[in-house]
Every structure is written in C-alpha cells, then in structure tokens.
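The lines below spell out each chain.
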Amino acid sequence: MNDHPIHVYSEGEGPNTFVFMSGLGTSSPYYDFKVLYEKFLDNHQIVIIERPGYGWSDITSNDRDLRTVLEESRQALKLAGIEGPYNLVPHSLAGIEAIYWAQEYPEEVSNIFGLDPLVPGYYEQQEEMDNPLSPFITFLARSGLMRQQPGVCEDNFFAIKKGHLNENETEIACTLFMRRVMTKNMWEEYRSLEENSQLVLNNDRPNVPIYTFISSENDEDWQKILSDYSDESFLLDAHHYVHLDETDFIAKKILESLE
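The present account deals with the structure reproduced in this document. (Residues numbered from 1 in each chain as written. Predicted model: local features only at pLDDT ≥ 70, side-chain atom pairs only at ≥ 80, totals over all residues. Heavy atoms only, no water.)

Turning our eyes to something else, we now look at the layout of surface pockets. Volume-wise, the second largest pocket comes out at about 150 Å³. Arg74, Gln75, Leu77, Lys78, Gly81, Ile82, Glu83, Tyr86, Trp101 and Glu108 are the residues that line the second largest pocket. Among the elements that take part in the lining of the second largest pocket, helix H2 (residues 66-79) stands out by supplying 4 residues, more than any other. When its residues are assigned to classes, the lining of the second largest pocket shows 4 nonpolar, 2 polar and 4 charged. (1 Å grid on protein atoms, 1.4 Å probe; cavity = no way out; pocket = protein on both sides within 12 Å on 5 of 7 lines; lining within 4 Å. Points joined across faces, edges and corners; volume = space filled by probe spheres on them. Helix = DSSP H or I, 4+ residues; strand = E, 2+ residues; numbered from the N terminus. Nonpolar A, V, L, I, M, F, W, Y, C, P; charged D, E, K, R; others polar.)

So, in structure tokens, the structure goes:
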C-alpha cells in the first residue's frame, strides 16, 4: 500500500461483511478483536484492517490525515478482493474514520457498530484530549528496555489480561506488542486528531444506522454525546475495551440488528 504493506485478515462467508477497525495504540488489532469476531464466523465474513504502524502492517511515512487513512483502508480491501457494502465495527479512535467513510461513500457502509467510539462532538467540547500514549513507554519500546520489564505485555495487552488468548496466541501477541507499541504512526494519529475530528464535524451526520456500545467508565458528558449521536446505544458495565468485557452481549445485539 504505497510501498507500505497493510495487513488485512479475512475469514468466514455469508451475506454480511464486518470490518473491525482498532482504536489508537492497539498493538495487535487481530488479537484484540479475536474474541469478538469469532462470534460471527458461522454465518458471516469478518475482516480486520491493521492500519500502518499496527500489528503486521508496515510503518508508513504517509500523513495520518483522515483522507489518507480512509483511502488506505479502502484500497487494502479492494486489493484483498473484499467487496462492500460493509458493516463497520470501529473501536475508539476508529469511530471517526468509520463516520467519515459513511459520509464520503454511503453506498459502501450498511451499518456502524461503534465500540466506545470517538465521535466528532466529543472533541469539540474538550479543551484537550487525554493522550493514551506515554513518552516514557515509547522510550522503553524504542530502546529495547521494555523487553526487560517482566509482565509488561501481559499487563498492557488487555486481551491477554482478560484471559482471551491461549499460550501460543499470547506469545505471538507479545512479540507484536514489543514491535508495535506506540509507533510513530500512532503518535501522528494522535497529533492529527483535532484536524480529523473537525473534518468529520463539518459534514452532516451520515445517513446510516449507528449503534454504540458505551463504557460506564466514561464521564456523563461523553455518554450523552455518544447516545445522542446514535440510533441506538447501550451503556455497559465495562472498561474502554468494551468488546473484551461484554463480548456475548455485543455480538448478540449486532446480530439482532441485522434481522
């Protein structure tokens, strides 16, 4: 993809295609979403896009403006032979990309199922977004010192911490964690957040069904913004990675919405 390969994983067959899109800083989207996407494999196709700087994808020198990121995602799916329309399943930051996708190419998006997603109205009401990326951890990762810290992967890769991966999967996920923790592309996504949010905010809300699964750990303002932006929302007793805490409920509600 522009000389920087993007990893796309697909499995399953069926009338609906679900495209899983990770949040900021998730070192391995494939393993992060595994416990959820397995719930769809009996009757549907699932796809995980790992953006540049994530998982098995290369690190890119391309800007992380929303137009570039979206076109990379669309081209990756095209090259993989995966056709729409798509049911987008974005976590956190990827909510902005999913909304923009539906704004620009409504014929390609059937539904958006947001996992505690970011929507443009939240950024507008904040003086400064909390930065989930730590300069100190970045230093540890770049210097190789992180490998000397016992349990750092297990404590910070939540799919492992929640017990969703077996021993072999944990070993691979930790290898990816060490290679793809707080890459320069992740930092550039964070720095581009205000501009990208404004781009989406300046367009009308897309005319596609939007469902959101909201973490109870969010403050009341964010809960309300997400709820107001949605056609249907669910407040869950879960942390920000809601799909790791309420997997069965989320899968059930998504599949019910398609009936």
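After presenting the structure, the write-up continues.
With that out of the way, let us pick up empty space enclosed by the protein. Within the structure shown, the criterion is met by 3 cavities of 30 Å³ or more. Taken as a whole, the largest cavity holds about 110 Å³ of empty space. In terms of lining residues, the largest cavity is bounded by Arg51, Arg64, Leu66, Val69, Leu93, Ala94, Ile96, Glu97, Glu189, Leu193 and Asn196. Secondary-structure elements contributing two or more residues to the lining of the largest cavity are H2, helix H3 (94-104) and helix H10 (193-201).

Their axes nearest at 10 Å, the elements H2 and H3 cross at an angle of 75°. The orientation of H2 with respect to H3, classified from their angle, is roughly perpendicular. Here H2 contributes Leu66, Arg67, Val69, Leu70, Ser73, Arg74 and Leu77 to the contact with H3, which in turn contributes Ile96, Glu97, Tyr100 and Trp101. (Axes fitted to C-alpha atoms, helices over the stretch in contact; angles between N-to-C directions. Parallel < 35°, antiparallel > 145°, perpendicular 65-115°, else oblique. Contact = heavy atoms within 4.5 Å.)

Bringing the pattern of salt bridges into the picture now. Under the criterion given, the structure shown has 12 salt bridges. Among the salt bridges present, the one from Glu169 reaches Lys34, with a minimum N-O distance of 3.0 Å. In this pair, Glu169 is assigned in helix H8 (residues 167-179) and Lys34 in helix H1 (residues 29-37), connecting sequence segments 135 residues apart. We classify Glu169 as buried; its relative accessible area is 13%. The exposure class assigned to Lys34 is buried, which follows from its relative accessible area of 13%. (Salt bridge = Lys/Arg side-chain N within 4 Å of Asp/Glu carboxyl O. Buried < 20%, exposed > 50% of the residue type's maximum accessible area, 1.4 Å probe, protein only.)

This brings us to H3. With 10 of 11 residues buried, H3 lies mostly within the body of the structure. Among the residues of H3, Ala94, Gly95, Ile96, Glu97, Ala98, Ile99, Tyr100, Trp101, Ala102 and Gln103 are the ones counted as buried.

This part is about unusual backbone geometry. Looking along the chain, the bond that leaves Gly84 and enters Pro85 is cis, with omega of 5°. Considering the arrangement of structural elements, one finds Pro85 in the loop between H2 and strand S4 (86-90). At Ser92, a position not held by glycine, the phi torsion is positive, near 55°. By secondary structure assignment, the location of Ser92 is in the loop between S4 and H3. Phi is positive for Asp116, close to 45°, though the residue is something other than glycine. Looking at the element boundaries, Asp116 is found in the loop between strand S5 (109-115) and helix H4 (120-124). Note on Asp116: relative accessible area 0%, which makes it buried.

Right, let's talk about the sheet that holds strand S7 (residues 232-236) for a bit. Strand order in the open sheet formed by 7 strands is S1-S3-S2-S4-S5-S6-S7, with mixed pairing between adjacent strands. The open sheet terminates on both sides in strands that have one partner only, identified here as strand S1 (7-11) and S7. Pairwise comparison of adjacent strand axes, ignoring direction, gives a mean angle of 15° for this sheet. When strand S6 (residues 210-215) meets S7, the two strands line up parallel, connected through 5 bridges. Of the residues in S7, the one forming a bridge with Ile214 is Leu235. Of the strands in this sheet, S6 and S7 are in contact with helix H11 (residues 220-229), which crosses S6 at around 165°. (Pairing = 2+ DSSP bridges.)

Attention shifts here to the side chain of Thr60. Relative to the helices and strands, Thr60 resides in the loop between strand S3 (45-50) and H2. Setting aside anything within four residues of it in sequence, one finds Thr60 in contact with His4, Pro52, Lys184 and Asn185.

Once that is clear, we can look at the packing of aromatic side chains. Throughout the structure, instances matching the rule amount to 15 aromatic pairs. Of the aromatic side chains, those joined through ring pairs into one cluster are Phe18, Phe20, Phe33, Phe40, Phe113 and Tyr211. Sitting over the ring of Tyr54, Arg51 keeps its end group 4.6 Å from the ring centre. In this structure, Arg74 is placed above the aromatic ring of Tyr105, and the distance from its NZ or CZ to the ring centre is 3.6 Å. (Phe/Tyr/Trp six-rings, centres within 6.5 Å; stacked < 30°, edge-to-face > 60°. Lys NZ or Arg CZ within 6 Å of the ring centre and 35° of its normal.)

Among the structural elements, His243 can be located in helix H12 (residues 242-245). You can call His243 buried: its relative accessible area is 0%. Here Asp32 takes part through its side chain, which lies 2.9 Å from a polar atom of the side chain of His243. Once residues within four sequence positions are removed from consideration, His243 is found in contact with Asp32, Phe33, Val35, Leu36, His91, Leu115 and Ile250. (Polar contact = N/O pair within 3.5 Å; in protein donor to acceptor, adjacent residues only side chain to side chain.)

Functional significance is not addressed by these values, which are geometric in nature.
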